[in-house]
Amino acid sequence: MLTRLSEPFLQVTDLTYQYAPAKSFSLGKQSFTLEKGKLLVILGPSGSGKSTLLQLIAGLLRPNEGEIIMGGKPIHHLPPEKRNLSMIFQKTYLLPFLTVGANVEIGLKLKGMPSHKRRVRSEEILNQVGLTGFYQRPLSSLSGGQEQRVALARSLVIEPQLLLLDEPFSQLDPLLRRQMGSWISDIKRMWEIPMIMVTHDREEALALGDQFLILRDGAEQQSGTLDNIYYEPANRWTADFMGIDNVLDGIKKGTRVTTFLGDLKVHPHCIRVPDGPVRIVLRSEWLQLDFTSSIKATIEGCSFRGEYTEVKANVNGESVVIKQLGLSNYERGMETGVRLATSNVWCLPKEVM
Amino acid sequence: MFYSKSKPIRLMILSGMLVPSLLFVAGTFFAGIFISGVQSLDYFPLIGKTTLSFRVYIELFHSAIFYRSLFFSLGISLAATFISALIAVILALWLRRYVRHGRWLHFLLQFNLPVPHVVGAIAILLLFGQSGLISRLTYWAGMIQQPSQFPVLVTDQNGIGIVLEYVWKEVPFIAVSVLSILKSWVVPYEKQLQLLGANAWQRWKLVTFPFMLPSLLSSSIIVFAYTFGSFEVPYVLGSISKPTLPILAYQAYLNPNLTYRSEAMAINIVITIISMFLVIFYMKWGEGYAEKRR
């Protein structure tokens, strides 16, 4: 079957999975598409079904319903070894009795490639992941980050059509996580491999993803681009999960909403939300302390979080959270003002809260 | 009273507390080895032999009966170990699919572990003897006309009965140690390799077998060592005319002529030396190998 140009590279349609009755967890219908060179992040708390979805795509689980089409061909009926994809897990699962080189080239060996060609390819890929000269080394000589890079090299050397990442950096320290994230971005750009990554780390997800799917208890909460999930949460749970600290009551009328922060303009995509009582969601970084502002506030407390200071302020009897970049010290009870640093606000009808 | 801030002193106190039990365990063991050793060197004052010599060993190593028993024992141990390991691996690979029924299967697998070998040997005798249960069943079924037509499986010249008992008893022992590896941490490695394109045979060759090998090797060495030095099973199920090495030592020991006592002790020392080599193999290829792979 020829792939039509208009068709996305990966199409997942109505995929469902029910574990054995004893486990009772089921993954509701999931559908999404993914283009080459894009990274889809599946986000969600523990037990939301994100790893189940990844295992269904990998072929480690068989779906009850639905189909997966990759490169124009259905793959949902194929065993994992015939799907031409690769997966990186939390642990590297490198074979401890083999050298770095033997681990990297194992996928090529399985395909029957002659040893001299395997070695050339493996050394090339080790070079690309910053491990030049590591071919002969034993695994015991590697650090955690180096092991993850060997696992990455092992997955890439077979030139998979799709790379799946199941919380691959969760066991690394923060510095290494950032470094590995940057490796993944580089590889995505250079190799144009579509990737699907599962994580519960919001920061990592937002830094790496092009598309997002947020799951909770086996059901999709929201999917879309970075802008969608960052600015436009679909419901209160997603807003909380994405770290939106301020959810305020308001009364919507047409394109305006009245809140204790004043009369605010509604986001154009929220015009269809019925007029009346609504909730507006405000990221804490969109609020700023400003002594000259007409909206008066009293400081309730502040705490430094490493890169920013989280300030709690009382505005017209309601509490709001404000993030100030860097270290700031405000005394409790101090009188100040609050300014909204966004031209419009996102609002949700009260019934979806 | 027994506390000290100094680590060497604490170690000394701890060692001192262990001395009584160590003396009892190691003392009796080494005393036995020592007595066997000197008696095997022809030192037996009770019958007037007060000089040390290698006469018994020289005679032993020129004796056809000794070599026949030695190779018979080695053959039985090798056959029992190999067959047990093979069946245990097949059983473990089959059982690991049924993780959900793990408790029942584990019970069924392990129920014969606490049963003494001698009980197993008697059971084999009652089952597979020419007048045993299976012989009678085949007679009633009309498959044989008289008990003597049933193949000689116990007290036979080939040690089939002995091997049968060892296999019955040791298969669960090896299977349990292999199964624990197969059921837990080898699975994600197999999945990882499958995602790299490995079919079932390639996964077995590259992951499953190398990972189970250390526990298979160490449990097989234990089985070999045990079956080689075991006395009671060949005593019940072996042929008098073709004894294994421990039986040969026992026959010499029981001989009313006390000059045979040195021969019994020399055979014991040979068994001990072979067992010590097996301990070294176990340390190097069993435990040591497993440590290296972890």
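Being a predicted model, the structure only gives us computed values, none of them experimental.

1. Focus: the overall build of chain B
Argument step 1. Broken down by element type, chain B carries 12 helices and zero strands.
Argument step 2. Written out in order from the N terminus, the α and β elements of chain B read α-α-α-α-α-α-α-α-α-α-α-α.
Argument step 3. Computed over C-alpha atoms, the radius of gyration of chain B comes to 24 Å, more than 25% over the 19 Å expected from 2.2 N^0.38 for 294 residues, which places it beyond the range of a compact globule.
Argument step 4. Along the first, second and third principal axes, the C-alpha atoms of chain B reach 80 × 75 × 40 Å.
Argument step 5. Total accessible area computed for chain B in this model is approximately 17,000 Å², and 72% of it derives from carbon and sulfur atoms.

2. Quick notes on the overall build of chain A
Argument step 1. A count of helices and strands for chain A gives nine helices and 20 strands.
Argument step 2. Counting only residues that meet the buried cut, chain A has 51% of its 353 residues in that class.
Argument step 3. By sequence separation, contacts in chain A at least 24 residues apart represent 66% of the contacts at least 6 residues apart.
Argument step 4. Within the structure as shown, chain A displays about 16,600 Å² of accessible surface, and the carbon and sulfur contribution to it stands at 49%.
Argument step 5. Charge centroids of chain A, computed over 41 positive and 38 negative side chains, lie 5 Å from each other.

3. Description of the UniProt feature "transmembrane region" (unreviewed entry) in chain B
All names here are of chain B.
Argument step 1. The sites that UniProt annotates as "transmembrane region" (unreviewed entry) are residues 12-35, 70-95, 107-128, 166-186, 206-228 and 264-285.
Argument step 2. The straight-line gap between the two end C-alpha atoms of residues 12-35 is 31 Å; of that span, 100% is helix and 0% is strand.
Argument step 3. Between the first and last C-alpha atoms of residues 206-228 the distance is 32 Å; the span itself is 100% helix and 0% strand.

4. Concerning the sheet that holds strand β1 (residues 10-18) of chain A
Residue and element names in this part refer to chain A.
Argument step 1. The sheet built from four strands is open, its strands ordered β2-β1-β4-β5 with antiparallel pairing. With partners counted over all chains shown, the strands left at the sheet margins are β2 (26-34) and β5 (73-74), one partner each.
Argument step 2. Examined bridge by bridge, strand β4 (residues 65-70) and β5 share two bridges and lie antiparallel to one another. When the bridges of β5 are listed, Ile69 appears paired with Pro74.
Argument step 3. On top of the sheet, helix α1 (residues 50-58) reaches β1, β2 and β4; it is set at about 60° to β2, its chief contact.

5. What about the packing of helix α8 (residues 187-195) of chain B against helix α9 (residues 200-229) of chain B?
Residues and elements named next belong to chain B.
Argument step 1. It is at 10 Å that the axes of α8 and α9 come closest, and there the two elements cross at 155°. As far as their axial angle goes, α9 and α8 are roughly antiparallel. In the crossing of α8 with α9, the sense of the turn from one axis to the other is right-handed. Of the residues in α9, those in contact with Tyr189, Glu190, Leu193 and Gln194 of α8 are Gln202, Arg203, Leu206, Val207, Thr208 and Phe211.

6. Some remarks on the packing of helix α7 (residues 160-183) of chain B against α9(B)
All names here are of chain B.
Argument step 1. At their nearest, the axes of α7 and α9 sit 9 Å apart, and the two run at 150° to each other. By the angle class used here, α7 and α9 are roughly antiparallel. As for the relative orientation of α7 and α9, their crossing is right-handed in sense. In this structure, α7 uses Tyr166, Glu170, Phe173, Ile174, Ser177, Val178, Ile181 and Leu182 to contact α9, whose residues at the interface are Thr208, Phe211, Met212, Ser215, Leu216, Ser219, Ser220, Ile222, Val223, Tyr226 and Thr227.

7. Focus on the sheet that holds strand β16 (residues 295-304) of chain A
Residue and element names in this part refer to chain A.
Argument step 1. On the basis of which strands lie adjacent, the open sheet formed by five strands has the order β15-β19-β16-β17-β18 and antiparallel pairing. Either end of the sheet is taken by a strand with one partner, and the two such strands are β15 (287-289) and β18 (318-325). Each strand axis lies, on average, 45° off the axis of its neighbour in the sheet, ignoring direction.
Argument step 2. Across eight bridges, strand β17 (residues 308-315) lies against β18 in antiparallel orientation. Across the sheet, residue Val311 finds its bridge partner in β18, namely Ile322.

8. Looking at the packing of aromatic side chains
What describes a pair of aromatic rings is the distance from one ring centre to the other and the angle between the planes of the rings.
Argument step 1. Inspection of the entire model under this criterion finds 20 aromatic pairs over all chains.
Argument step 2. For the ring pair Tyr231(A) and Trp286(A), a centre distance of 5.7 Å and an interplane angle of 15° mean the geometry is stacked. Here the residue Tyr231(A) occupies a position in helix α8 (residues 226-231), and Trp286(A) occupies one in the loop between β14 (276-282) and β15, the gap between them amounting to 55 residues.
Argument step 3. You can call Trp286(A) buried: its relative accessible area is 12%.
Argument step 4. Seen from their ring centres, Phe224(B) and Phe228(B) are 6.4 Å apart, and the 5° between their planes marks the pair as stacked. Taken together, the positions of Phe224(B) and Phe228(B), both in helix α9 and four residues apart, correspond to about one turn of that helix.
Argument step 5. For Phe224(B), a relative accessible area of 13% gives the class buried.
Argument step 6. Taken together, the ring pairs in this structure connect Phe54(B), Tyr57(B), Phe61(B), Phe66(B), Tyr67(B) and Phe71(B) into an aromatic cluster.
Argument step 7. Just above the ring of Phe134(A) sits the side chain of Arg137(A); from NZ or CZ to the centre is 4.0 Å.
Argument step 8. Sitting over the face of the ring of Tyr230(A), Arg283(A) holds its NZ or CZ atom 4.0 Å from the ring centroid.

9. Things to note about helix α5 (residues 117-128) of chain B
Residues and elements named next belong to chain B.
Argument step 1. Taking 1.5 Å per residue as the helical rise, α5 with its 12 residues ought to reach 16 Å, and the 16 Å between its terminal C-alpha atoms agrees with that figure.
Argument step 2. Every buried residue of α5 is listed here: His117, Gly120, Ala121, Ile124 and Phe128. Viewed end-on, α5 has its buried residues packed into an arc of 100°, placing them on one side of the element.

10. Describing the interface of chain B and chain A
Argument step 1. With 18 residues of chain B at the contact, the number on the chain A side is 21 residues.
Argument step 2. Across the interface of chain B and chain A, roughly 1,900 Å² is buried in total on both sides, 70% from carbon and sulfur atoms.
Argument step 3. Counting across the interface, chain B meets chain A through zero salt bridges.
Argument step 4. In this structure, the connection of chain B to chain A is made through four residue pairs in polar contact (both at pLDDT 80 or more).
Argument step 5. Taken together, the elements giving at least two residues each to the side of chain B that touches chain A come down to α8 and α9 of chain B.
Argument step 6. When residues in the side of chain B that touches chain A are grouped by element, the largest group, seven residues, is from α8(B).

11. Here's the deal with the pairing of strand β20 (residues 346-349) of chain A
Residues and elements named next belong to chain A.
Argument step 1. Every second residue of β20 is oriented toward a common face, with Trp346 and Leu348 on one face and Cys347 and Pro349 on the other, all of them buried.
Argument step 2. Where β14 lies against β20, four bridges are found, and the strand directions are antiparallel. Bridge pairing links Arg279 to Leu348 in β20.

Criteria and thresholds
- Residues numbered from 1 in each chain as written.
- Chains lettered and ligands numbered in written order.
- Predicted model: local features only at pLDDT ≥ 70, side-chain atom pairs only at ≥ 80, totals over all residues.
- Heavy atoms only, no water.
- Helix = DSSP H or I, 4+ residues; strand = E, 2+ residues; numbered from the N terminus.
- Rg over C-alpha atoms; globule rule 2.2 N^0.38 Å.
- Areas by Shrake-Rupley, 256 points an atom, 1.4 Å probe, with all protein chains shown as cover.
- Buried < 20%, exposed > 50% of the residue type's maximum accessible area, 1.4 Å probe, protein only.
- Contact = heavy atoms within 4.5 Å.
- Lys, Arg positive; Asp, Glu negative; His and termini not counted.
- Charge placed at Lys NZ, Arg CZ, Asp CG, Glu CD.
- UniProt positions renumbered as here; feature names shortened; annotations may be inferred.
- Pairing = 2+ DSSP bridges.
- Axes fitted to C-alpha atoms, helices over the stretch in contact; angles between N-to-C directions.
- Parallel < 35°, antiparallel > 145°, perpendicular 65-115°, else oblique.
- Left-handed = near helix turned anticlockwise from the far one by under 90°.
- Phe/Tyr/Trp six-rings, centres within 6.5 Å; stacked < 30°, edge-to-face > 60°.
- Lys NZ or Arg CZ within 6 Å of the ring centre and 35° of its normal.
- Expected span 1.5 Å × (residues − 1).
- Arc of directions from axis to C-beta.
- Buried area = accessible area lost by both parts, 1.4 Å probe.
- Salt bridge = Lys/Arg side-chain N within 4 Å of Asp/Glu carboxyl O.
- Polar contact = N/O pair within 3.5 Å; in protein donor to acceptor, adjacent residues only side chain to side chain.

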